Amino acid sequence: MGVFKIGTILEMIAWTVAVLVMVINGYLLLDFVFSEVNGLVFAFVVFTGIALYVIFVLYLISHGGCLPSTWFSQIHSKESNSCGGN
């Protein structure tokens, strides 16, 4: 990426903000589930949907090729970095 590659500090800040947003969304989701979901069948459907969503997000993160290079440098050194191009 050359001059357009972000630095290590900015990358860590970006991932920290992303994790903070995910934690806030998780809190709001759990707050909704515990206050609004009544009944065993509906709770099972909601928790199944949440589990599928979390699995899908983890799949996108792990197969996206854009993992933080500072945390997973060994993965990037063994594989070609496909984040954003070539």
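Small disclaimer: the values here were computed from a predicted structure and weren't measured.

K.L.:
So what exactly am I meant to see when it comes to the nonpolar core here?
P.N.:
One broad rule of soluble globular proteins: the nonpolar side chains tend to lie buried together. By size, the foremost hydrophobic cluster in this structure holds five residues: Val33, Val37, Ala43, Val46 and Ile50. Per-element tally for this core: the top contributor is helix 2 (residues 40-63), with three residues. Excluding anything up to four places from it in sequence, Val33 contacts Val46, Phe47 and Ile50.

K.L.:
Looking at this model, I keep getting lost on the confidence of the model for the chain. Mind explaining?
P.N.:
Parts of the prediction with low pLDDT should not have their coordinates interpreted in detail. Residues at a pLDDT of 70 or more form 73% of the chain, whose mean pLDDT is 78. Across the chain, the secondary-structure element scoring lowest on mean pLDDT is helix 3 (residues 73-78), at 52, and the one scoring highest is helix 1 (residues 8-36), at 89.

K.L.:
It is not clear to me how helix 2 should be interpreted in this structure. Could you clarify?
P.N.:
For an α-helix, 3.6 residues make a turn, and residues three or four places apart therefore share a direction. Taking 1.5 Å of rise per residue, the 24 residues of helix 2 would be expected to cover 34 Å, and the 34 Å separating its terminal C-alpha atoms lies within 8% of that figure. For helix 2, the set of buried residues is Ala43, Val46 and Ile50. Turning to helix 2, the residues buried within the fold contact helix 1.

Rules used in this analysis
In this numbering scheme, every chain counts its residues from 1 along its sequence in written order. Two thresholds apply to this predicted model, a pLDDT of at least 70 for residue-level local features and 80 or more for giving and counting side-chain atom pairs, whereas whole-chain, interface and lining totals are computed over all residues. As a rule here, side-chain values come from all non-hydrogen atoms in the structure, and water together with hydrogens is ignored. Remark: nonpolar core denotes a set of buried residues (Ala, Val, Leu, Ile, Met, Phe, Trp, Tyr, Cys) joined through side-chain atoms within 4.5 Å. Accessible area is worked out with a 1.4 Å probe on protein chains only. A residue is then buried under 20% of its type maximum, exposed over 50%, and partly exposed in between. Strands here mean DSSP runs of E at least two residues long; helices mean DSSP runs of H or I at least four residues long; both are numbered from the N terminus. Note on definitions: a residue-residue contact is assigned when non-hydrogen atoms from the two residues lie within 4.5 Å. Residue-level confidence of the predictor is what pLDDT reports, using numbers from 0 through 100. Between the first and last residue of a helix there are one fewer steps than residues, each counted as 1.5 Å, and that sum is the expected span.

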